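Chain by chain, the residues run as shown.
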Amino acid sequence: MRSSIATTAQRVASRAMAQSQPVQQTRGMATEKQLFLQMVSTKNIQKITSSMKMVSAAKLKGDENRLAAAKPFNAWTTALCGEPISMEDATFDDLPQKALLVPMSSDKGLCGGVNTFISRGVRVAVRNMQESGRECDIVVIGDKGRAQLRRLFADKIKRTATEIVSPGTYSLAAALSAELVAAGAADYDAVVIMYNTYVNAAVYKQNYKIIKPFAGEGEDEPMMAYEFEPDTKSEVMVDLYEYLLTSQLFHSFMDGAASEQSSRMAAMENASKNAGEMIESLSLRYNRARQARITTELIEIISGASALEG
């Protein structure tokens with residue numbers, strides 16, 4: 001009798017100790033509920049990316065129209081600055097001794113490699129200029145470009161412009177041009193604008209423009225074939241240089257905006273496809289787990305019925 005009471009007491013004590021100890025979770029397969037919640041969240045993400053793709057497609061149409069209008073407006077600058085130069089495999093040996101780099105990025109993300117390609121081009125340009133003994137400073141346009149470049153070239157960044165209203169206007173380009181002039185753009189041998197150029201809805205490339213100030217004497221004096229009245233030539237050249245900067249910035253804005261929307265549309269399409277593939281995989285795992293649970297319950301019911309019959 002005493003032994004049975006002692007045994008019962010030991011069992012009660014062991015159960016109490018087991019309940020008081022924290023339960024240690026072991027890593028294993030996801031449960032049905034976890035898989036179901038993952039499916040729900042992934043479906044919600046797919047809805048968001050699909051909506052963002054449609055919004056980008058609608059905005060792209062407007063950006064294409066604005067870019068088509070900006071191209072003839074900026075055509076006159078080609079005679080003064082030359083054609084834009086591709087940044088693909090560029091060595092930047094054509095940059096002068098002292099240059100002001102102006103990378104144009106976006107304020108928003110989820111747009112593929114639009115900002116990364118520009119930042120990569122700036123890194124290559126700065127490295128090549130430093131290796132050849134040339135100087136450069138940076139004025140960053142866009143929050144994403146600032147975040148990527150300030151980790152490497154914080155000492156070279158003179159000014160930044162963020163939270164830019166979209167779509168860009170000529171007034172905005174004029175304000176940014178005034179900021180460049182205030183930053184001492186005329187003291188540099190050239191202002192180099194780095195931007196994305198729109199090709200079509202699936203392709204965009206990176207170009208840079210070299211804008212040199214209208215300064216020089218003798219044979220290097222600009223526009224010697226023209227006469228300037230009633231203002232002096234130096235004053236006209238200062239105004240023309242600022243107007244040239246504004247026109248080039250405006251065209252670069254329109255080109256970059258179209259590239260950003262096309263890249264975001266492609267990125268959201270890829271994200272929607274990836275979400276669909278993930279949903280299919282989760283559905284398969286969920287169905288397998290559900291089938292395994294039902295099978296286990298049936299086996300337990302059959303085993304219990306067999307035990308009662310036996």
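The structure we're discussing is the one just above.
First, a word on scope: everything that follows refers to the structure included in this document.

Cut-off values and rules
- Residues numbered from 1 in each chain as written.
- Predicted model: local features only at pLDDT ≥ 70, side-chain atom pairs only at ≥ 80, totals over all residues.
- Heavy atoms only, no water.
- Phe/Tyr/Trp six-rings, centres within 6.5 Å; stacked < 30°, edge-to-face > 60°.
- Helix = DSSP H or I, 4+ residues; strand = E, 2+ residues; numbered from the N terminus.
- Buried < 20%, exposed > 50% of the residue type's maximum accessible area, 1.4 Å probe, protein only.
- Lys NZ or Arg CZ within 6 Å of the ring centre and 35° of its normal.
- Pairing = 2+ DSSP bridges.

**Looking at the packing of aromatic side chains**
As enumerated under the stated definition, the model contains eight aromatic pairs in all. On the numbers, 5.7 Å between centres and 70° between planes, the contact of Tyr-170 with Phe-250 is edge-to-face. Highlighted residues: Tyr-170 in helix 6 (residues 170–182) and Phe-250 in helix 7 (residues 233–309), separated in sequence by 80 residues. Accessibility expressed as a relative area gives 28% for Tyr-170, which makes it partly exposed. Relative accessible area serves as the criterion here: at 14%, Phe-250 is assigned to the buried category. Through successive ring pairs, a cluster of aromatic residues spans Phe-73, Tyr-170 and Phe-250. Across the ring face of Tyr-195, the terminal group of Lys-209 is positioned such that the distance to the ring centre comes to 4.7 Å.

**Side note on the sheet that holds strand 6 (residues 203–211)**
Ordered by their spatial adjacency, six strands build an open sheet running 1-6-5-2-3-4, and the pairing between neighbours is mixed. Looking along the sheet, the strands with just one partner apiece sit at the ends: strand 1 (85–86) and strand 4 (157–161). Sheet topology note: the strand 1/strand 6 ladder contains two bridges and is antiparallel. Bridge pairing links Ser-86 to Asn-207 in strand 6.

Remember that the coordinates give geometry; whether it matters functionally is a separate question.
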